[in-house]
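Spelled out from the first residue to the last, the chains are:
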Amino acid sequence: MSAVRQFNTRAHKALADSQLQRALAKARSGFVDKRAHAAASEPDFEHMRDQAREVRQRALANLAMCLEQFEQQVLAAGGQVHWAETPDDLRRIVIDICRDSGARAVTKGKSMVGEEAHLNVALEAAGITPWETDLGEYIIQLAKEPPSHIVAPALHKTRGQIEHLFRDAHRLGERALDEVSQLVDEARAVIRERFLNADVGITGANMLIAETGTAVLVTNEGNGDLTARLPRTHIITTSFDRVVPTWDDASKIIRVLARSATGQPITSYTSFFSGPRAGNEQDGPDQFHVVLLDNHRSALLGTEFETMLHCIRCGACMNHCPVYQAVGGHTYNAVYPGPMGAVLSPLLRGAPQDDALPNASSFCGRCEAVCPVRIPLPGLMRKLREREQQQTPAIASRWLLRLHARLSRHPALYRSLTGWGSRALALAAGGRGRLRRIPLLGGWSRERDLPAPQGGSFQQQWQARKGRG
Amino acid sequence: MQSARERILGRIRKASGPGQAASAGTADSQALIAAQPAAQASLRPIDDVPAEFCQQALAAGVELHYCDELAALPAACAKVLDAQARLTVSTAQALAHMHWANSVQPYVRGSIEVGLVQARLGIAETGTACFDSRDVPSGLLFLSDILLVVLDGRHLVDRQESAWQRLGPVGSALHLVTGPSRTADVEQTIQVGAHGPRRLVLFLVGGGLAQVVARHTQPAPSLITLASSP
Amino acid sequence: MAAQRIGLFATCPVDLFRPSVGFATAALLEAAGFTVEVPPQSCCGQVSYNNGLRDDAREVAWQLVQAFEPYDYTVLPSGSCAGMISHHYPALFAGDVRLPRVEDFCQRVYELTTFLVEVAGFTRLADNTASLSCTYHDSCAGLRELGIQAQPRELLGHCGGVVLKEMTDTNVCCGFGGTFCVKFGKVSAHMADAKLDNALATGADLLLGGDVSCLLHLAGRARRRGLDLQVRHIAEVLAGALSQPAIGEAAGQGSGKGRAP
């Protein structure tokens, strides 16, 4: 089955799923309105976007140097940096650290790189229990599902579904869980115990600061901080492209991150972790590990796809994408969904030429319009489509497209053909104004009528009129 | 055989321009890292830093109070704090050695009713309080049901960049705290008290900010009781 | 002084399906004092370009540049094709010796409503549109690549008696997206339904837009659903050319609303 057909199979299921549609409808206006409000109430917002983009450009232009600096500083602070070329490497490194720490249970903050490496499955297989602590991640861990959104992993779940998951997992009896506050309190109580008992904490990082070897973590819940600072060992799973040169640079990213994601000027918690705790500090890990994943990212440097590495993972592109809003994140069947995922996910698979995701966009451009670092997402999807055309065997639709291009290069011939076609279709409609079924155009007519031509092409009619005049 | 590190860095160097040739630690790299592009005009100036701080903090869900000097703080706290509430403090902070109307205990990990902590700095652009892990154990900030933050009214800066300058080197963690803990993971409905404090009560102390704070305070500040949790 | 000459690029959907939009466009431009010509023409190349056939797109684009560069201006009743030309042609010819000619040409290419407002300053619009109740869909490329948003509304304001009722999410995609609407038909239809429902909720009789491609898709979906909503290109309203049935309607069909009295 072709990739496009597989996408459509999932999309049709998503469109028919009333619970999912309810959850998506809730998210739709919320995210869009909040970002719009944040942008409108900050006079410098467009300027902030330019500053953030410049930081990302400068970081990537000096990437090797930034990374060496970062590594030196982490080492100087008493931490360790590990380099993982593949998700498999990352899994092995993390499990080795956990085993060295004698870990039986680990708390986890949200990490998309962890998702990329399917870390939970690997931890379980190694006999280590992963406890997700971000509420959204906790919900989908109970549901045994992957995240459907990079910022709001359980966006696809309704309150009722979450209540059911909690009832099954927590043995609640008849305790009420009708209100959002009750659900949040329920998770808080369960996860609080885990924070206090975990041997290792694994988090992601929103940024790495080269000048001091610091990892920046942004959350609203505070789960990331409790994951990072209570266990004896803190492991940060991230990718090397998160690095920025300085603290001032990090500030420029922070300014646009939450505004774009949730419409807040800043999240409740923004934390800067630099190495293990010092002797006089009461909390903080004894061991501080940073695992840097490549997974095909280095292959994007210096290519037309490099700007994809500017992404700061705010999720604004998917929040504003009408396709994502219609079908949800799981339809993309990829760690990263939505417009940024439609570019990044195929690239991270290493074989981007056979993928539906870059095609599953109407190129409406809303993603690019809201991207805080102005990544030309439709342009990158178009480049992936070009790659697909160059690298895969031609199918019928491509021959049609090429034939159309051939004809278009000969306007006179084109004019006579469209004139003929226009008349033929008008005749077929027979005065009904529209056609319900059209041979060869099933893709159109399955979902909509085809308005009938008015009879004769514009060029033909124009010529006729001018000829008379 | 090359290590993963060498292979990854090798690919990065090969792919990128001349800037990649410089090695960390050289004067070159320091200059590049510190480079502030000239084209980068700064953001609009924040004229009234205390007012901006109060306004942003309030918008982030912080409950604001003011008292003139540190010595007056226990009395001011007693006015808004339930007499039964137990305070937990960091022994590394001067607050631990003051006389409080409520019972006071040093921080140990576990659930905490009211955490009482002093912030290093406040950042006006977002109404944020900064905590250094050398003064305040991280757990005290995140395990408290209610977080009582004391902030010197003269320790306010306009933006993050100024904060980094003022702070200098920090401990293994620097926590920026802006309002209470919250989540929107259930149907995008904002709910406070996800894992950390359900309420964040901030006392600005000194700096002659009584009037500014008064403008940003709810008409009838609620008594801080433990039953306040939802 | 001789009138300036405009090359009218009708675009494929107008040429094939909706000549009345081409004639309305010509009428508006002539009324604004320009000489209008329609040289032999085909496609702007967007279909090839968006489907990853960059080389094909460039050669299609080149025939268009050659055909239209003699005119003072090229005007199109489409934000999508105008965006393709002025926004994407220069990138398509990057590193090509033809680039200077392409760039010179692109600077003289305009979408219709932008041209009428910003170049022609033309305000003598239809007076046979009394109490026509409309809602306007902002097509994506025009809106985001060319900043077309105020212009059509300003022009509608100059038409006699047109009532504009703005819909929710007027700036959200209708789901057409070129081959997207065929490859991902159900998703596309879902997006169209959201658009049509928003349009119906305004109570307007007529859904207007600046791109016949989007409108064929929306009208086709509206007819399939049996909705009481007529669909037209804005040029027809601005020119008062409402004698032809709305898109997808048979003569004498529909509520009669959205047609000239």
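Bear in mind the structure is a predicted one, so any value in this text is a computation, not a measurement.

### Quick word on the overall build of chain A
Then comes step 1: The number of helices and strands found in chain A is 21 helices and 12 strands.
Then comes step 2: Considered along the principal axes of its C-alpha atoms, chain A spans approximately 95 × 60 × 45 Å.
Then comes step 3: Split into buried and exposed, the 469 residues of chain A put 61% on the buried side.

### Some points on the overall build of chain C
Then comes step 1: Secondary structure assignment for chain C yields 13 helices and eight strands.
Then comes step 2: Rg of the C-alpha trace for chain C: 18 Å, near the compact-globule value of 18 Å for 261 residues, within the 12% margin.
Then comes step 3: C-alpha extents for chain C along the principal axes are approximately 55 × 50 × 30 Å.
Then comes step 4: The burial tally for chain C puts 61% of its 261 residues in the buried class.
Then comes step 5: In chain C, of all internal contacts separated by at least 6 residues, the share reaching a separation of at least 24 is 77%.

### Structural notes on the sheet that holds strand β9 (residues 269-273) of chain A
Then comes step 1: Strand order in the open sheet formed by eight strands is β8(A)-β5(A)-β6(A)-β9(A)-β9(B)-β6(B)-β5(B)-β8(B), with mixed pairing between adjacent strands. Only two strands of the sheet have a single partner each, and these edge strands are β8 (243-244) of chain A together with β8 (156-157) of chain B.
Then comes step 2: The sheet contact formed by strand β6 (residues 214-219) of chain A and β9(A) spans five bridges and is antiparallel. Residue pairing in the sheet places Val216(A) in a bridge with Phe272(A) of β9(A).

### So, the interface of chain C and chain A
Then comes step 1: In this complex, chain C contributes 62 residues to the contact, which on the side of chain A involves 56 residues.
Then comes step 2: Those elements giving two or more residues to the side of chain C that touches chain A turn out to be α1 (12-17), α2 (19-31), α3 (46-50), α4 (54-68), α8 (140-146), α10 (180-183), α11 (185-201) and α12 (212-225) of chain C.

### Focus: the confidence of the model for chain C
Residue and element names in this part refer to chain C.
Then comes step 1: On average, chain C scores 94 in pLDDT, and the residues at 70 or more come to 96%.
Then comes step 2: Throughout residues 255-261 the model reports pLDDT below 50, and contacts reaching past four residues in sequence, or to other chains, amount to 15 contacts.
Then comes step 3: The ipTM for the predicted assembly is 0.94, set against a pTM of 0.95.

### Some remarks on the domain arrangement of chain C
Residue and element names in this part refer to chain C.
Then comes step 1: If you check the domain split of chain C, you get domain 1 (5-120) and domain 2 (133-238).
Then comes step 2: The distance between the C-alpha centroids of domain 1 and domain 2 comes to 22 Å.
Then comes step 3: Residue-level contacts link 27 residues of domain 1 with 22 residues of domain 2.
Then comes step 4: For the side of domain 1 that touches domain 2, the secondary structure elements donating two or more residues are α1, α2, α3, α5 (79-92) and α7 (112-120).

### Digging into helix α17 (residues 377-391) of chain A
Then comes step 1: For α17(A), with 15 residues, the first-to-last C-alpha span of 21 Å sits near the 21 Å given by 1.5 Å per residue.
Then comes step 2: Summarising burial for α17(A): 11 of the 15 residues are buried, a large majority.
Then comes step 3: The set of residues buried in α17(A) consists of Leu377(A), Pro378(A), Leu380(A), Met381(A), Arg382(A), Leu384(A), Arg385(A), Glu386(A), Arg387(A), Glu388(A) and Gln389(A).
Then comes step 4: On the buried face of α17(A), the contacting elements are α13 (316-319), α15 (338-349), α16 (366-370) and α18 (396-408) of chain A together with α3 and α4 of chain C.

### Quick word on the sheet that holds strand β2 (residues 35-37) of chain C
All names here are of chain C.
Then comes step 1: With parallel pairing, the four strands of this open sheet are ordered in space as β2-β1-β3-β4. Looking at strand neighbours, the two that pair on one side only are β2 and β4 (109-111), the edges of this open sheet. Neighbour-to-neighbour, the strand axes of the sheet open up by a mean angle of 30°, direction not taken into account.
Then comes step 2: Of the strand pairs in this sheet, strand β1 (residues 5-8) and β2 are connected by three bridges, and their pairing is parallel. Looking at β2, one finds that Gly7 is bridged to Glu37.
Then comes step 3: Contacting β3 (73-76) and β4, α5 runs over the sheet at an angle of about 155° to β4.

### Description of the interface of chain A and chain B
Then comes step 1: In this complex, chain A contributes 78 residues to the contact, which on the side of chain B involves 66 residues.
Then comes step 2: Counting residues per element, the side of chain A that touches chain B draws most heavily on helix α10 (residues 180-197) of chain A, which supplies eight residues.
Then comes step 3: Split into classes, the residues belonging to the side of chain A that touches chain B amount to 35 nonpolar, 25 polar and 18 charged.
Then comes step 4: Relative to strand β9 (residues 173-177) of chain B, β9(A) runs antiparallel, the two being bridged by five bridges. By the bridge assignment, Phe272(A) is partnered in β9(B) with Leu174(B).

### Remarks on the domain arrangement of chain A
Then comes step 1: We note that the domain assignment places domain 1 (56-295) and domain 2 (416-468) within chain A.
Then comes step 2: Summarising the inter-unit geometry, the C-alpha centres of domain 1 of chain A and domain 2 of chain A are found 58 Å apart.

### Notes on the arrangement of the chains
Then comes step 1: Between chains A and B lies the most contact-rich interface of the two pairs of chains that touch.
Then comes step 2: Separated throughout, chain B and chain C approach each other most closely at a C-alpha pair spaced 20 Å apart.

### Some words on the nonpolar core
One recurring pattern in soluble globular proteins is that nonpolar side chains are buried together.
Then comes step 1: If you look at the biggest cluster of nonpolar residues, it comprises 297 residues, and the most contacted ones within it are Val149(B) and Leu202(B).
Then comes step 2: When sequence neighbours within four positions are dropped, the list of residues in contact with Leu202(B) reads Ala57(B), Val62(B), Glu63(B), Leu64(B), His65(B), Ala129(B), Val149(B) and Leu151(B).

### What to know about the packing of α5(C) against helix α6 (residues 99-106) of chain C
Residue and element names in this part refer to chain C.
Then comes step 1: In contact at an axis separation of 9 Å, α5 and α6 are set at 165° when each is read in the N-to-C sense. On the basis of their axis angle, the class for α5 and α6 is roughly antiparallel. Classified by chirality, the crossing of α6 by α5 is left-handed. Between α5, through Ile85, Ser86, Tyr89 and Pro90, and α6, the contact on the second element is made entirely by Leu99, Val102, Glu103 and Cys106.
Then comes step 2: When the residues that make up the contact of α5 with α6 are grouped by side-chain class, the tally is six nonpolar, one polar and one charged.

### Focus: unusual backbone geometry
All names here are of chain A.
Then comes step 1: The phi angle at His118 is positive, at roughly 45°, despite the residue not being glycine.
Then comes step 2: Within the element layout of this structure, His118 appears in the loop between α6 (112-116) and α7 (119-125).
Then comes step 3: Phi at Lys144 takes a positive value of approximately 55°, unusual for a residue other than glycine.
Then comes step 4: Assignment of secondary structure puts Lys144 in the loop between α8 (135-142) and α9 (159-170).

### A word on the pairing of β6(A)
Residue and element names in this part refer to chain A.
Then comes step 1: Among the six residues that make up β6, six are buried, leaving the element largely enclosed by the rest of the structure.
Then comes step 2: The alternating pattern of β6 places Thr214, Val216 and Val218 on one face and Ala215, Leu217 and Thr219 on the opposite face, and all of these are buried.
Then comes step 3: Two elements, strand β5 (residues 207-209) and β6, share three bridges in a ladder whose sense is antiparallel. Residue Ile209 lies in a different strand from β6, and its bridge partner there is Thr214.
Then comes step 4: Linking two consecutive strands that pair antiparallel, namely β5 and β6, is a turn of four residues; a positive phi of about 65° is found at Gly213 within it.

### With respect to the environment of Arg22(A)
Residues and elements named next belong to chain A.
Then comes step 1: You can see Arg22 is positioned in helix α2 (residues 18-40).
Then comes step 2: Residue classification places Arg22 among the partly exposed positions, given that 15 C-beta atoms sit within 10 Å.
Then comes step 3: In sequence terms Arg22 and Leu384 are 362 residues apart; their C-alpha atoms lie 32 Å from each other.

### Remarks on the packing of α15(A) against α17(A)
All names here are of chain A.
Then comes step 1: Relative to each other, α15 and α17 sit at 35°, their axes nearing to 9 Å. By crossing handedness, the relation of α15 to α17 is classed as left-handed. Mapping the contact onto sequence places Pro339, Met340, Ala342, Val343 and Pro346 in α15 and Leu377, Leu380, Met381 and Leu384 in α17.
Then comes step 2: Of the residues that constitute the contact of α15 with α17, the class distribution is nine nonpolar, no polar and no charged.

### Overview of α2(A)
Residues and elements named next belong to chain A.
Then comes step 1: Counted at 1.5 Å a residue, the expected span for α2 with its 23 residues is 33 Å, and the 33 Å between its end C-alpha atoms agrees.
Then comes step 2: What α2 keeps buried is the set Leu20, Ala23, Leu24, Ala27, Arg28, Gly30, Phe31, Lys34 and Arg35.
Then comes step 3: Where α2 is buried, its residues meet α1 (3-16), α12 (247-261), α13, α14 (322-327) and α16.

### Some remarks on the environment of Pro285(A)
All names here are of chain A.
Then comes step 1: With respect to the helices, strands and loops of the structure, Pro285 is situated in the loop between β9 and β10 (287-293).
Then comes step 2: Linking Pro285 and Gly201, residues 84 residues apart in sequence, is a C-alpha distance of 8.9 Å.
Then comes step 3: Sequence-distant contacts of Pro285, defined by excluding residues within four places in its chain, comprise Pro231, Arg232, Thr233, His234, Pro276 and Arg277.

Parameters and conventions
- Residues numbered from 1 in each chain as written.
- Chains lettered and ligands numbered in written order.
- Predicted model: local features only at pLDDT ≥ 70, side-chain atom pairs only at ≥ 80, totals over all residues.
- Helix = DSSP H or I, 4+ residues; strand = E, 2+ residues; numbered from the N terminus.
- Buried ≥ 20, exposed ≤ 12 C-beta atoms within 10 Å, placed from the backbone.
- Rg over C-alpha atoms; globule rule 2.2 N^0.38 Å.
- Contact = placed C-beta atoms within 7 Å.
- Pairing = 2+ DSSP bridges.
- pLDDT = per-residue confidence, 0-100.
- Domains from an automatic or database assignment.
- Expected span 1.5 Å × (residues − 1).
- Axes fitted to C-alpha atoms, helices over the stretch in contact; angles between N-to-C directions.
- Nonpolar A, V, L, I, M, F, W, Y, C, P; charged D, E, K, R; others polar.
- Core = buried A, V, L, I, M, F, W, Y, C linked by C-beta atoms within 7 Å.
- Parallel < 35°, antiparallel > 145°, perpendicular 65-115°, else oblique.
- Left-handed = near helix turned anticlockwise from the far one by under 90°.

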